[in-house]
Amino acid sequence: MKKLFRRHTGVPIAFAALLLLLSPIGTDAAIDGIVAANTATLNLTAKVDHISTPDGGSMLIWGYADDDNHANNGSRATYPGPTLIVTQGTSVTINLKNNLPVPVSMVFPGQQGVSTSGGFPGLLTAEVPAYDPAVIPEPVVTYSFIASEPGTYIYHTGTRQELGIEMGLMGAIVVRPNMGAGYAYNHADTQYDREYLFFLSEMDGNIHQLVEIHGPDSTLLQESDYLSDYFSTYWFINGRNAPDTFSASYVSWLPTQPYGGLPRMHPGERMLMRIVGGGRDLHPFHFHGNHARVIGMDGRMLESAPGNGPDLSYKSFTTQSVPGKTVDQIFEWTGKGLGWDMYGHAAGDPLEPNEYAPDHGKPIPVALPETQDLAFGGFYSGSPYLGSLGSLPPGEGGLNPNAGFTYMWHSHTEKELTNWDIFPGGMMTMMVIEPPGAPIP
Amino acid sequence: MNKRGFHKWLLLLALLLFAAVPATAVVNVQCPGDTNGDAVINGSGDPAHPNAQCMHLAAGDGFVTMADGYPQYMFGFADITGTPPKKALDVGTLAATFPAPPITLDEGDEFFLSLTNVGMLMRPDLFDPHTVHWHGFPEAASVFDGVPDSSISINMGSTLTYYYNVVEPGTYMYHCHVEATEHMQMGMLGNLYVRPAQDGTTLEYPAGSGKTYNKFAYNDGDGSTGYDVDFPIQIGSFDSAFHDASLTVQPLPFAMMRDNYPMLNGRGYPDTVQVAGPDAPPEANPVSGNSTQPESSLVTAAPGQRVLLRISNLNVTRFYTLQTLGVSMQVVGKDASIHRGPDGKDLYYMTNSVVLGGGESLDAIIEIPESATAGTTYFLYTSNLNYLSNNEEDFGGMMTEIRVN
């Protein structure tokens, strides 16, 4: 058994950093997207494209493409659309064009005072007409609003939503509070060290195939009863199915699915989870490892009166994600009270940062079975101890180079852990508690 | 190759095959204070672990009977605590129960849970390992979390002992996490709850009422989660097409999974209210003779009593709503936590319906009116009304009764 991380020991850290660089596992500790402060101008075009699914499939999508190519994907449409990250009070302007064969628009639930210019009036908001190459210049609709309240929000098409959102015309908006970086809302109790987005959605593959082959206005689509017989077969976190969720953001092989979903933290840190119900079904999002405290919903802190902070927050180990709803919650983990020393320390060893001292030096109370009697997971380090690698049979392990503790975060509607009849996959990712000192990008 | 040479090769092959069988596979229960390996603490136990609790679960397969009489093949757990290790494989085989044997613990316990994989008798083609995932265990270590991707799973014929230092009271649940969609649809699901350290103290609630309680859902400090009787209610449902495909070794319909047997504690109504006797399900397991659906969901209480329902949901296909008729519920806990803000503010609420997705739990207290007369019956049932059915039988499913005694 080998200790990977010791304080004041640079060599193993550099080694691990190298491993990380080479590993397809890994994503950023912040939420990836288009970041802006004070004023934000987005130039989007609704486009047709495809996503890939881990079962080898390819699904037609309609998505909001970023004309300014922040995701470095050739301004292709993405599923979900670009995540917009702004500071409270930012004046947001979105210029929307349309390459789709149907009209399109954008609505911003939770935002006040959205104004529009251009296009033609639809039921909910101004719409961009269906693409027509004969119309020059290209029609543009401009949506403007001030992001006045911090929190997590959703945006989506306001035109033919029953099909448009299914096809991928939706995304997330993160509004940071005036209080500054590292807070979810304007209160000290909403402090966090790392934050991750969990944009949950699903697809009925038959709808996408019908639209691809016959078009959105075909009688075949209408006669398929795609609304009343809705039956999803793919489930997504940040637009990817497991195991693609483990890959970093902006990887070259997923150009239309730029956002990863592999949360990582150190013991004792506070992780802000922003959970968005981006599709049309409910999902019970279960996070192994510990409870989280739900501090906000739909961009409003759970407080009884202004200034009180999240005093109406509550603990949860499975959070209901409801279509159109956002939930902000703080997750913490220290390994407190395990009854054994999770680092495998001898009694005289120094404490690790945030280690639960009463368990220091206590041996693990049971013996683990022999290697031959066990099946091993790809994320198992070969050792029960945090930051230690143990011996594993050839071909086992390998997905957890820092010997972190790994926890499955997933829809507990376990049917949704599949990719169109293939298990495993779907709405699932792993959260990694990295040992102290292990780098998290 | 001549015949003799062929036999030689065959012999060599057989030797290789047998040599490949793990020589270490052994039933190995770890339980401090247990001297003979049956997971029962002998004498005064181990002074180093005075609060040790031990249990020995077998993971395998079995059969249950739906409320319309339809037999279902299942994967599941059986409680083989007290069985000598040499007999564990025999006793544990084809002995699975639904739901899995209930696990009830006290705050402060050290829980040593030995899991022996006895294999699936009806599916000798399968070599599946198994795990126990204590769902919701706070500050969990991944090695004992039971997620096969993150840790270790036990192969057939061997035992893995999980260790849990039980710190937080509440209503949890447990299940196997190996190939979770399959093993959970197949029934490896059970009740698990932890009684708080406050139990045994006497608190008056509400203050000035003269009513006192010494059993509580949580360490509330004020008796507000006090109860007289408690009942675990686990929501579950089976898709018979999936179970039948498993038994007949057919491709499993993951995408087409649609549950058609909604249940509470492993039975559909009216089996849910049977306690014992000839009408109670199921017929005993033909091999072990043990009941495979031993848990009634009948709630009984006296007028004026407070009833704690420990509700959890471990179905794998959808959200379910449970509704009460005649009495209301006060939700005092969610997900094994008292439902309070960080400064102790009560977030309890009164309701007639609770919505739970898979992997959620709630603690709800029902107060039986003082005026209720013996024989009065209230109902607890799903308001997803099409699930008041046992497949095509349109009267049954996810429902039970609350009877005043």
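Because the structure is predicted, anything quoted here is derived from the model rather than measured. Per chain, residue numbering runs from 1 following the sequence as it is written. Lettering of chains starts at A and numbering of ligands starts at 1, both following the order in which they are written. At least 70 in pLDDT is required for a residue's local features to be given in this predicted model, at least 80 for side-chain atom pairs to be given and counted, and no such filter applies to totals for whole chains, interfaces and linings, which use all residues.

Asker: Would you mind showing me how to read the overall build of chain A here?
Answerer: Strands here mean DSSP runs of E at least two residues long; helices mean DSSP runs of H or I at least four residues long; both are numbered from the N terminus. Counting its secondary structure elements, chain A contains four helices and 27 strands. Relative to the compact-globule value of 22 Å for 441 residues, chain A shows a C-alpha radius of gyration of 23 Å, a close match. Each principal axis of the C-alpha distribution contributes one length, and for chain A these read about 75 × 50 × 40 Å. For a compact globule the rule gives 2.2 Å times the number of residues to the power 0.38, and the radius of gyration it is set against comes from C-alpha atoms.

Asker: So what exactly am I meant to see when it comes to the overall build of chain B here?
Answerer: Along the backbone of chain B there are four helices and 23 strands. Rg of the C-alpha trace for chain B: 23 Å, near the compact-globule value of 22 Å for 405 residues, within the 12% margin. Expressed along its principal axes, the backbone C-alpha trace of chain B runs to roughly 95 × 55 × 40 Å. The burial tally for chain B puts 55% of its 405 residues in the buried class. We call two residues in contact when the distance between their C-beta atoms, placed using the backbone, is within 7 Å. Looking at chain B alone, contacts between residues at least 24 apart form 68% of all its contacts between residues at least 6 apart. Any residue whose C-beta has 12 or fewer other C-beta atoms within 10 Å is treated as exposed, any with 20 or more as buried, and any in between as partly exposed, C-beta atoms being built from the backbone.

Asker: What is the right way to read the nonpolar core from this model?
Answerer: Across soluble globular proteins, nonpolar side chains show a tendency to be buried alongside one another. To define a nonpolar core, we join buried Ala, Val, Leu, Ile, Met, Phe, Trp, Tyr and Cys residues through C-beta atoms within 7 Å and take the resulting set. Core analysis: the largest hydrophobic core is formed by 165 residues, its most contacted members being Phe198, Leu200 and Met430 of chain A together with Leu57, Ala58, Leu113 and Tyr172 of chain B. Considering every element that reaches this core, the biggest residue donor is strand β1 (residues 52–65) of chain B, with seven residues. Excluding anything up to four places from it in sequence, phenylalanine 198 of chain A contacts Ile237, Gly261, Met273, Arg274, Ile275, Val276 and Phe285 of chain A. Core analysis: the second largest hydrophobic core is formed by 41 residues, Tyr261, Val299, Val332 and Tyr378 of chain B among them.

Asker: Is there a simple way to explain unusual backbone geometry in this structure?
Answerer: Glycine aside, residues mostly have negative phi, and peptide bonds are mostly found in the trans state. Cis peptide bonds are those with omega within 30 degrees of zero, and the linkage from isoleucine 136 of chain A to proline 137 of chain A qualifies with 0°. Between tyrosine 205 of chain B and proline 206 of chain B the backbone carries a cis peptide bond, its omega angle lying at -10°. When you line up the elements, proline 206 of chain B lands in the loop between β10 (203–204) and β11 (212–213). Of note in the backbone geometry, asparagine 38 of chain A takes a positive phi value of approximately 70° without being a glycine. Within the secondary structure, asparagine 38 of chain A sits in the loop between β2 (34–36) and β3 (39–52).

Asker: Is there a simple way to explain the environment of asparagine 51 of chain B in this structure?
Answerer: All names here are of chain B. Relative to the helices and strands, asparagine 51 is located in the loop between α1 (3–20) and β1. By C-beta crowding, asparagine 51 is classed as partly exposed, having 14 other C-beta atoms within 10 Å. Between the alpha carbons of asparagine 51 and glutamate 110 there is a distance of 5.7 Å; along the sequence they are 59 residues apart.

Asker: Got a minute to help me understand the sheet that holds β3 of chain A in this structure?
Answerer: Where strands meet in a sheet, backbone hydrogen bonds hold them as pairs that are either parallel or antiparallel. Residues and elements named next belong to chain A. Any two strands with at least two DSSP-identified bridges between them are counted as paired. Within the open sheet, the six strands sit side by side as β5-β4-β3-β7-β11-β8. Their pairing is mixed. A single partner strand is all that each edge strand has here, and the edge strands are β5 (77–78) and β8 (115–117). Across two bridges, strand β4 (residues 58–66) lies against β5 in antiparallel orientation. For tyrosine 64, the partnering residue across the bridge sits in β5 and is threonine 78.

Asker: How should I be thinking about the pairing of strand β15 (residues 234–237) of chain A in this particular structure?
Answerer: The side chains of a regular strand alternate, first on one face of the sheet and then on the other. Residues and elements named next belong to chain A. A two-sided burial pattern is seen for β15, the buried positions comprising Tyr234 and Phe236 on one face and Trp235 and Ile237 on the other. Across four bridges, strand β14 (residues 194–203) lies against β15 in antiparallel orientation. Within β15, the position partnered with leucine 200 by the bridge is isoleucine 237.

Asker: Before we go on, may I ask you to explain the sheet that holds strand β8 (residues 170–175) of chain B in this structure?
Answerer: Residues and elements named next belong to chain B. One open sheet holds the four strands; their spatial order is β3-β9-β8-β5, and the pairing between them is mixed. The sheet is open, and its two borders are formed by β3 (100–106) and β5 (133–135), each paired with just one other strand. Recorded for the sheet is a direction-independent mean angle of 25° between the axes of neighbouring strands. Pairing of β5 with β8 involves three bridges; the strand directions are antiparallel. The convention used is that axes are lines fitted to C-alpha atoms, helices contributing only their stretch in contact, and that angles between N-to-C directions extend from 0 to 180 degrees.

Asker: Can you help me understand the confidence of the model for chain A in this one?
Answerer: The predicted structure's coordinates, where accompanied by low pLDDT, should not be read in detail. pLDDT: the predictor's confidence for each residue, scored from 0 to 100. Across chain A, the average pLDDT comes to 93, with 93% of residues at 70 or higher. Note that residues 6–28 of chain A has pLDDT below 50 and, in this model, 31 contacts with residues that lie over four places away or in other chains.

Asker: Is there a simple way to explain the interface of chain B and chain A in this structure?
Answerer: Quite often, the size of an interface is put as the accessible area lost when its parts meet. The interface is formed by 57 residues belonging to chain B together with 55 residues belonging to chain A. Elements that contribute at least two residues to the side of chain B that touches chain A include exactly β4 (110–117), β6 (152–154), β7 (159–165) and α3 (180–185) of chain B. Per-element tally for the side of chain B that touches chain A: the top contributor is β7 of chain B, with five residues. In the side of chain B that touches chain A, the residues fall into 25 nonpolar, 20 polar and 12 charged. Across three bridges, strand β24 (residues 374–376) of chain A lies against β6 of chain B in antiparallel orientation. Opposite phenylalanine 376 of chain A, over in β6 of chain B, you have isoleucine 152 of chain B as the bridge partner. Put simply, Ala, Val, Leu, Ile, Met, Phe, Trp, Tyr, Cys and Pro go in the nonpolar bin, Asp, Glu, Lys and Arg in the charged bin, and everything else, Gly too, in the polar bin.

Asker: What's the story with helix α4 (residues 240–247) of chain B in this structure? I'm lost.
Answerer: Given 3.6 residues to a turn, an α-helix orients residues that are three or four positions apart in the same direction. Residue and element names in this part refer to chain B. Considered for burial, the residues of α4 that qualify are Phe242, His243 and Ser246. The buried residues of α4 all sit within an arc of 95° when viewed along its axis, so they share a single face. Backbone geometry just after α4 places valine 249 at a positive phi near 55°. Directions are taken from the helix axis to each C-beta atom, and the arc is the one they span.

Asker: What is the right way to read the confidence of the model for chain B from this model?
Answerer: Residue and element names in this part refer to chain B. For chain B, per-residue confidence averages 93 on the pLDDT scale, and residues scoring 70 or more make up 91% of the total. Note that residues 10–22 has pLDDT below 50 and, in this model, two contacts with residues that lie over four places away or in other chains. For this predicted complex, the interface confidence score (ipTM) comes to 0.93, while the overall pTM stands at 0.93.

Asker: Hey, could you run me through the environment of glycine 158 of chain A in this one?
Answerer: In this fold, glycine 158 of chain A is placed in the loop between β12 (151–156) and α2 (161–167). What glycine 158 of chain A contacts, discounting residues up to four positions off in sequence, is Ser105, Met106, Val107, Gly122, Leu124 and Thr125 of chain A.

Asker: Any chance you could explain helix α3 (residues 205–214) of chain A here in plain terms?
Answerer: Residues and elements named next belong to chain A. Restricting attention to buried positions, one finds in α3 the residues Ile207, His208, Leu210 and Val211. Taken end-on, α3 shows its buried residues confined to a sector of 165°, consistent with a single buried face. Packing partners of the buried residues in α3 comprise β4, α2, β14 and α4 (219–223). Once α3 finishes, glycine 215 follows within two positions and takes phi at roughly 90°, a positive value.

Asker: In this structure, what is going on with the environment of asparagine 419 of chain A? I would like to understand it.
Answerer: All names here are of chain A. Within the secondary structure layout, asparagine 419 lies in the loop between β26 (405–411) and β27 (428–433). For asparagine 419, a count of 25 C-beta atoms within 10 Å gives the class buried. Each C-alpha atom, one on asparagine 419 and one on threonine 319, is 22 Å from the other, the two residues being 100 residues apart in sequence. Beyond its immediate chain neighbours, meaning those up to four positions away, asparagine 419 contacts Thr53, Pro54, Asp55, Tyr234, Asn241, Gly425 and Gly426.

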